[in-house]
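Coordinate analysis (summary)
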Amino acid sequence: MNDSLHQHPWSRYVALGDSFTEGIGDPEPNSPGGYRGWADRLAEELSRGSDDFKYANLAVRGRMLGQVLNEQLEPAVELKPDLISISAGGNDLIRPGSDPDALAEKLDRAVAKMAATGATVLLFNGPDIRDTPVLGMVRGRVAIYNENLRTIAARHDAVIADMWSLRGLLTPQMWADDRLHFAPLGHHTVTMMALKALNVPNSLVPEVPKPLPVQKWQTARAEDLVWAKAYLMPWVLRRLRHQSSGDGITAKRPTPGPVFGQVPGSIHRE
């Protein structure tokens, strides 16, 4: 492999966000916290050909936008990254009555603070979730939020990682069994898109999923019932109890360190 293909201007990358950035849906026992995800995959590619590239991931599952900004923004800035990614607001948008314009105003102030450090800001919009159970009902809010994010990116010279335009994410193979998070193939696809947005040549190869065979109605219905019991009902109960899947969870990579090898910092898991 020609490492010159991986040249880029960044040496310290910090990722902020929720379960998407933590890597939920992409299990990997050998990764910190037991999950890999697009941010780890991105850092892996950015680290190729560099001996001093460092990466921290402050994302925690279940976090709302306000929590991400209150808990992760200051620590991220203090780590002095030259590349920051943020994906947040999705957990807010699925709540009844959420206001995508108000969320965008809050994010705008945070992106301004990140950009003022001189770091490149990679800003993720939301995917098109029209065919996704539970999430599909808030597609309109996501679209409005995304348009606001484009304005924010233009105002602060941030880079947009455009998940909405990734038509491949509409296929079932891109999603984990819970139908709320991306499967490994989805995380891989998002990684390729992010590298393209950052204009970083890479050696990743797109994997085009084969279409699922047509299922009989009885089989599809049985699978839906299994999914509802395993994933949908626990999700609904957490909402009713005002609980989060991230309660008791801390960042899997709290301080910048090599992408491969021991990760600095103490990490607690339930």
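Residues numbered from 1 in each chain as written. Predicted model: local features only at pLDDT ≥ 70, side-chain atom pairs only at ≥ 80, totals over all residues. Heavy atoms only, no water.

**Looking at the packing of helix 5 (residues 100–116) against helix 6 (residues 139–156)**
Rule in force here: Structural elements are reduced to axes, namely lines fitted to C-alpha atoms, with helices fitted over the stretch in contact, and the angle between N-to-C directions of any two is expressed from 0 to 180 degrees. Each helix is a run of H or I in the DSSP string that is no shorter than four residues. Each strand is a run of E no shorter than two, and both are numbered from the N terminus. Any angle between 65 and 115 degrees counts as roughly perpendicular, while under 35 counts as roughly parallel, over 145 as roughly antiparallel, and the rest as oblique. The handedness criterion is simple: a crossing whose near helix is rotated anticlockwise from the far helix by less than a right angle is left-handed, and one whose near helix is rotated clockwise is right-handed. Any two residues whose heavy atoms approach within 4.5 Å are treated as being in contact. The classification used treats Ala, Val, Leu, Ile, Met, Phe, Trp, Tyr, Cys and Pro as nonpolar, Asp, Glu, Lys and Arg as charged, and all other residues, Gly among them, as polar.
Viewed as axis vectors pointing N to C, helix 5 and helix 6 meet at an angle of 25°, and their least axial separation amounts to 9 Å. On the basis of their axis angle, the class for helix 5 and helix 6 is roughly parallel. Once helix 5 is placed against helix 6, the crossing between them reads as right-handed. Between helix 5 and helix 6, the contacting residues are P100, D101, L103, A104, L107, D108, V111, A112 and A115 on the first element and R141, I144, Y145, N148, L149, I152, R155 and H156 on the second. Looking at the contact of helix 5 with helix 6, its residues break down into 11 nonpolar, two polar and four charged.

**A look at the packing of aromatic side chains**
Note the following rule: Any Phe, Tyr or Trp ring, taking Trp's six-membered ring, that has another such ring centre within 6.5 Å forms a pair; planes under 30 degrees apart are called stacked, those over 60 apart edge-to-face, and the others tilted. Residue exposure (1.4 Å probe, protein chains only): buried if accessible area is under 20% of the type maximum, exposed if over 50%, otherwise partly exposed.
Using the criterion set out here, one finds six aromatic pairs in the structure. With a centroid separation of 5.3 Å and 20° between ring planes, the pair formed by Y13 and Y55 is classed as stacked. Of this pair, Y13 sits in strand 1 (residues 12–17) while Y55 sits in strand 2 (residues 54–57), placing them 42 residues apart in sequence. Overall, the relative accessible area of 0% leaves Y55 in the buried class. Arranged with centres 4.5 Å apart and planes meeting at 40°, the rings of W175 and F182 form a pair that is tilted. Ring-pair connections join several aromatic residues into one group, and the members of that group are F20, W38, F124, W175 and F182.

**Overview of unusual backbone geometry**
Leaving glycine aside, a negative phi is the common case for residues, and trans is the common case for peptide bonds. Its identity as a non-glycine residue notwithstanding, K80 has a phi of 55°, on the positive side. Considering the arrangement of structural elements, one finds K80 in the loop between helix 3 (65–78) and strand 3 (83–87). The class of K80 is exposed, set by a relative accessible area of 67%. Positive phi, normally seen in glycine, also occurs at N199, with a value near 60°. For N199, the location among the structural elements is in the loop between helix 7 (184–197) and helix 8 (217–240). According to the relative accessible area criterion, N199 is exposed, its value standing at 66%.

**Concerning the nonpolar core**
Counted only if it meets this: What we call a nonpolar core is a set of buried Ala, Val, Leu, Ile, Met, Phe, Trp, Tyr and Cys residues that are connected through their side-chain atoms within 4.5 Å.
Core analysis: the largest hydrophobic core is formed by 64 residues, its most contacted members being Y13 and F124. If you tally residues by element for this core, the top one is helix 5, at six residues. If we ignore the near neighbours within four places in the chain, the residues touching F124 are F20, W38, S85, I86, S87, L149, A161, M163, V190, M193 and A194.

**Details of the side chain of K252**
Threshold: Each polar contact in these results corresponds to two N or O atoms within 3.5 Å; when the atoms are within protein, one needs to be able to donate a hydrogen and the other to accept it, and residues that are neighboring in sequence are counted only if both atoms are side-chain atoms.
Inspection of the secondary structure puts K252 in the loop between helix 8 and strand 6 (253–257). Among the polar contacts made by the side chain of K252, one reaches the side chain of D40 at a distance of 3.3 Å.

**Examining the packing of helix 2 (residues 37–47) against helix 7**
Closest axis-to-axis distance for the helix 2/helix 7 pair is 8 Å, and the angle between their directions is 45°. Overall, the two elements helix 2 and helix 7 adopt an arrangement that is oblique. In terms of crossing hand, the pair formed by helix 2 and helix 7 is right-handed. Taking contact as the criterion, the partners of G37, W38, R41, L42, E45 and L46 in helix 2 are, on helix 7, P184, H187, H188, V190, T191, A194 and L195. Across the contact of helix 2 with helix 7, the residue classes tally to seven nonpolar, four polar and two charged.

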